[in-house]
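Coordinate analysis (summary)
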Amino acid sequence: MLQRASELADIIKKSTKIHIVTHIDADGITAGAIASETLRRLGKEFTIECIKQLDEVIINKLLTEQHELVWFTDLGSGISTQYPEIRKIITDHHECPADSDASFHLNPHLFGRDGSYELSGAGATYLVSIAISQKNKDLAGLAIVGAIGDLQDRRFCELRGMNAEIVKDGVDVGVLQAVKDIRYFGKETRPLAKLLQYASDPLIPGVSGREDACVAFLQELKIPLKEGDSWRTWVDLCKEEKRKIISGIIQMLLSKGFGYQAAARVLGESYLLNKEEEGTELHEAKEYATLLNSTARYGEYEVGLQVCLGDRGKWLKEALNLLSGHRHNLVEGLQFAKEEKIQKRTYLQFFHAGDGIRDTIIGIVTNMMLNTEDVDKELPLIGFALTENGDVKVSARAAQSLVDRGLDLAVALTRAAKELNGIGGGHNIAAGATIPKGKEEEFLQLVEREIKLQIIP
Ligand code: C5P
Ligand code: C5P
Ligand code: ZN
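Below is a short write-up of the structure. (Residues numbered from 1 in each chain as written. Chains lettered and ligands numbered in written order. Predicted model: local features only at pLDDT ≥ 70, side-chain atom pairs only at ≥ 80, totals over all residues. Heavy atoms only, no water.)

In total, this model carries zero disulfides according to the counting rule given. Free cysteine Cys-50: the closest other cysteine sulfur is in Cys-308, separated by 9.8 Å. (Disulfide = S-S within 2.5 Å.)

Following this line, the structure appears as structure tokens:
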């Protein structure tokens, strides 16, 4: 992979003007930021755009624009052997056919690595960046925010593979820290009770989802919720208070019969960006990634990009505004999905949000739904949402246990979408597609047929 990275680096060095095309999620924005900063430091001219998916419209636009070189980050693996007219390099981590190998294509799957947890789009881009100059190791923090944004720590409750090497780079140059801590979201900025209320992996039985129960749980442990006028957050607690809460949660899980494996998931590795201030949305990687997801998924990629590139003034302020909208949309979206009711079939379960949930956040909501208490983890979950141009966006998510039994959602969705003239792709554990409206039932049948073939009973 490092050899391939330096081949891509050579192509970049020989080019004068480069157009970056990246994805709208946190991994895409950080990948785009790493690529931009790398090119800026090299003194190259560049432009950048953020897209939902690499469809025909975008390809046709790129074909007419005739860029000297296009750098696809966090996407592009699906077209690596097509469109020779587009001179390109690709740093991506989505599943791709083995015959898509090419000298300008860097993807962990081409090197026997798993792109759902060993390396992200930002990570692949980072490898090229440090192949250009070792001085770019200070960009390791962004690469890790990208990996965490794609939930690459989820499988082992920590980053592994190439991701762990990137963490090491970041620690070596002083930009990153990895600490063992509680894994819940919002340690730096969420009031304590909220941290527990939204806890989903693992759920805290009888506590998650219920604000009054969270407050009671903390009061029982004699943990003050406030300090003066302000709500305390996880990082405000002393060691002993943290220990009490963690062991309280673990005891609760074990006493309700959740087993050691679930209980062990309370703890994991957290990644901190040393140059950022503690108690802000940028200090811990999960929160940073969520801040970025609040921008490009709402058409405001410039905001996220500028924050990644170092702005802590007007762009950060704008990002924080967008964050409160995003949080609101996720809470509403989850509520909406719950009311829609999930329909179970033999090999999958699904819900249709219509235009009730934005197509750019249906993936996040589907993921959150799968984590809720009453959803069957033995079946993959598919969420549908309408897009602005009247197509249907599909998001599919599954539990790791199904992947261990052979499930590959990327293969299933790619094939099913293709049959209906749509496009799909992704990872074994999480995939997406866009299909024509009215084809949902046909699509579900095709996906079920694929899943049936994949899963070992
Ligand atoms: O676009 P893409 O690669 O960037 O996004 C990866 C997706 O896979 C994310 O939406 C993330 O939520 C999902 N994922 C997951 N569980 C994992 C790994 C990734 O749901 N273990
Ligand atoms: O959109 P969603 O978050 O559900 O996507 C899950 C995964 O599938 C992401 O990694 C995304 O990049 C990928 N995907 C894809 N092709 C599509 C739609 C989604 O590769 N047409
Ligand atoms: Zn990605």
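Still to come is the rest of the account.
Core analysis: the largest hydrophobic core is formed by 60 residues, its most contacted members being Trp-71, Tyr-126 and Tyr-288. When residues no more than four places from it in sequence are discounted, the contact partners of Tyr-126 are Ile-34, Asn-136, Lys-137, Leu-139, Ala-140, Ala-143, Ile-166 and Asp-169. (Core = buried A, V, L, I, M, F, W, Y, C linked by side-chain atoms within 4.5 Å. Buried < 20%, exposed > 50% of the residue type's maximum accessible area, 1.4 Å probe, protein only. Contact = heavy atoms within 4.5 Å.)

This next bit is on the pattern of salt bridges. Under the defined criterion, the tally for this structure stands at 28 salt bridges. Residues Arg-160 and Glu-158 are paired through a salt bridge, measuring 2.8 Å at the closest nitrogen-oxygen approach. Under the relative-accessibility criterion, Arg-160 is labelled partly exposed at 33%. For Glu-158, a relative accessible area of 25% puts it in the partly exposed group. Connected through shared salt-bridge partners, Glu-37, Arg-40, Arg-41 and Asp-138 make up one network. (Salt bridge = Lys/Arg side-chain N within 4 Å of Asp/Glu carboxyl O.)

A few words now on the site of ligand 1. With respect to spatial proximity, 14 residues lie near ligand 1, and among them Asp-25, His-94, Asp-150, Arg-154 and His-427 are the closest. A distance of 3.3 Å is found between an oxygen atom of ligand 1 and a side-chain nitrogen or oxygen belonging to His-23. Starting from 460 Å² of accessible surface for ligand 1 in isolation, the protein chains cover 90%. Taken together, the residues that form the shell around ligand 1 break down as three nonpolar, six polar and five charged. (Near = heavy atom within 4 Å. Polar contact = N/O pair within 3.5 Å; in protein donor to acceptor, adjacent residues only side chain to side chain. Areas by Shrake-Rupley, 256 points an atom, 1.4 Å probe, with all protein chains shown as cover. Nonpolar A, V, L, I, M, F, W, Y, C, P; charged D, E, K, R; others polar.)

What follows concerns the site of ligand 2. Neighbouring residues of ligand 2: 16 residues in total, closest Gln-53, His-94, Lys-393, Ser-395 and Arg-397. With respect to ligand 2, the side chain of Ser-395 contributes an N or O atom lying 2.5 Å from an oxygen atom. One of the side-chain nitrogen or oxygen atoms of Arg-397 is found 2.8 Å away from an oxygen atom of ligand 2. Contact with the protein chains removes 81% of the 450 Å² of surface that ligand 2 exposes when unbound. At the level of elements, strand E13 (392-397), strand E14 (423-426) and strand E15 (430-435) are the ones that each hand at least two residues to the shell around ligand 2. Split into classes, the residues belonging to the shell around ligand 2 amount to four nonpolar, ten polar and two charged. (Helix = DSSP H or I, 4+ residues; strand = E, 2+ residues; numbered from the N terminus.)

Function cannot be inferred from these measures alone, as they are strictly geometric.
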